[in-house]
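# Observations on the model geometry
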Amino acid sequence: MPRVLVVDDEKTIVKGLKFNLEKEGYEVLVAFDGEEALRVFNEESPDLIVLDLMLPKLDGFEVCRNIRKTSDVPIVMLTARGEDIDKILGLELGADDYVTKPFNPRELAARVKAIMRRSQSSSGDSGNLQVIRLQDLQIDLFQHKVRVRDKEVDLTSKEFALLSLMASHPGRVFSREKLLEHVWGYDYYGDARTVDVHIRHLREKIEPDPGHTTVNFNGLGSRVQIPGG
């Protein structure tokens with residue numbers, strides 16, 4: 001049974017999410033502050049985390065930052081309405097998605113289900129994939145490792161998915177919408193700024209000159225029309 005860790009200091013929200021996620025067949029772990037969230041994560045290894053930003057002891061940003069040091073587990077952040085900077089910062093720290101409060105617990109449960117389905121599908125297919133080598137870039141699709149000029153580069157799960165997609169389709173031009181479709185899925189609820197943030201960080205990590213208007217990752221050939229960072 002897949003396990004979801006729900007982290008929020010509002011017990012009514014935790015109760016509603018727990019009820020709806022359990023109806024979908026998940027085992028639900030809970031935490032009410034940032035320190036407890038990290039303890040439960042380290043002890044229980046959940047398959048997905050629903051993480052509020054405003055938490056006692058350690059906020060959601062710090063929790064996400066700590067988790068991303070060792071794990072690519074999917075993280076859905078809960079943000080306050082209108083706090084765009086929180087959404088962007090959460091994505092930059094490695095969150096996979098965000099949900100704006102107030103929200104319908106059933107809608108969030110459906111989003112969790114979609115993310116879990118894509119994550120499991122990606123893991124199941126990885127054994128059939130190989131290593132892609134393009135100029136000074138090496139992508140190990142099985143071990144989820146990337147090396148640029150013989151130096152290993154740490155990527156988030158979404159950054160790795162974007163890079164792998166483009167490397168697997170040389171010569172193809174991708175729009176934001178196509179990247180959302182392939183990497184986030186048809187049922188993604190967010191907006192195209194998610195793509196911009198992930199692409200910008202990916203370019204900063206693997207390109208010697210990420211300031212070009214058109215992305216062309218180390219000679220991959222694949223491109224996406226995204227404003228430069």
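Residues numbered from 1 in each chain as written. Predicted model: local features only at pLDDT ≥ 70, side-chain atom pairs only at ≥ 80, totals over all residues. Heavy atoms only, no water.

## Here's the deal with the overall build of the protein
Secondary structure summary: the protein contains 8 helices and 12 strands in total. Expressed as a percentage of the 229 residues in the protein, the buried residues total 47%. Total accessible area computed for the protein in this model is approximately 11300 Å², and 48% of it derives from carbon and sulfur atoms. (Helix = DSSP H or I, 4+ residues; strand = E, 2+ residues; numbered from the N terminus. Buried < 20%, exposed > 50% of the residue type's maximum accessible area, 1.4 Å probe, protein only. Areas by Shrake-Rupley, 256 points an atom, 1.4 Å probe, with all protein chains shown as cover.)

## Observations regarding the sheet that holds strand β8 (residues 145–148)
Sheet architecture is open: 4 strands sit in the order β6-β7-β8-β9, paired in antiparallel fashion. Across the chains shown, the open sheet's two edge strands, defined by having one partner strand only, are β6 (131–134) and β9 (151–153). Averaged over all adjacent pairs, the angle separating strand axes in this sheet is 20 degrees, with direction ignored. Sheet analysis places strand β7 (residues 137–140) next to β8, joined by 4 bridges and oriented antiparallel. Bridge pairing in β8 places Gln 138 opposite Arg 147. (Pairing = 2+ DSSP bridges. Axes fitted to C-alpha atoms, helices over the stretch in contact; angles between N-to-C directions.)

## Brief notes about the pattern of salt bridges
The tally for this structure, following the rule as stated, stands at 20 salt bridges. Arg 3 is the partner of Glu 44 in a salt bridge, and the nearest nitrogen-oxygen pair spans 2.9 Å. Placement of Glu 44 in helix α2 (residues 34–44) and of Arg 3 in strand β1 (residues 3–7) is noted, with a sequence separation of 41 residues between them. The residue Arg 147 makes a salt bridge to Glu 152 at a minimum N-O spacing of 3.9 Å. (Salt bridge = Lys/Arg side-chain N within 4 Å of Asp/Glu carboxyl O.)

## Section: the layout of surface pockets
In this structure, the second largest pocket encloses a volume near 380 Å³. Around the second largest pocket, the lining comprises 19 residues; the ones closest to its centre are Arg 68, Asp 72, Asp 154, Leu 155 and Thr 156. Listing elements by their share of the lining of the second largest pocket, those giving two or more residues are β8, β9, α6 (157–167) and α8 (193–206). Looking at the lining of the second largest pocket residue by residue, the class counts come to 5 nonpolar, 5 polar and 9 charged. (1 Å grid on protein atoms, 1.4 Å probe; cavity = no way out; pocket = protein on both sides within 12 Å on 5 of 7 lines; lining within 4 Å. Points joined across faces, edges and corners; volume = space filled by probe spheres on them. Nonpolar A, V, L, I, M, F, W, Y, C, P; charged D, E, K, R; others polar.)

## Considering the pairing of strand β2 (residues 27–31)
As paired strands, β1 and β2 are joined by 5 bridges and run parallel to one another. Residue pairing in the sheet places Val 7 in a bridge with Ala 31 of β2. Read from β1 through helix α1 (residues 11–23) to β2, the crossover connection turns out right-handed. (Right-handed = clockwise from strand over helix to strand, strands pointing away.)

## Quick notes on the sheet that holds β1
Spatially, 5 strands are ordered β2-β1-β3-β4-β5 in an open sheet, and the strand pairing comes out parallel. Whereas interior strands pair on both sides, the edge strands pair on one side only; in this sheet they are β2 and β5 (97–100). Geometrically, the sheet is characterised by an average inter-axis angle of 20 degrees between neighbouring strands, direction not taken into account. Bridge count for β1 against strand β3 (residues 48–52) is 4 bridges, and the pairing is parallel. Along β3, the bridge assignment pairs Leu 5 with Ile 49.

## Quick notes on helix α4 (residues 84–92)
The set of residues buried in α4 consists of Asp 86, Lys 87, Gly 90 and Leu 91. When α4 is viewed along its axis, its buried side chains cluster within an angular range of 130 degrees and face the same direction. Along its buried surface, α4 packs onto α3 (60–67), β4 (75–79), β5 and α8. Within two residues after α4, Gly 94 carries a phi angle of roughly 115 degrees, on the positive side. (Arc of directions from axis to C-beta. Contact = heavy atoms within 4.5 Å.)

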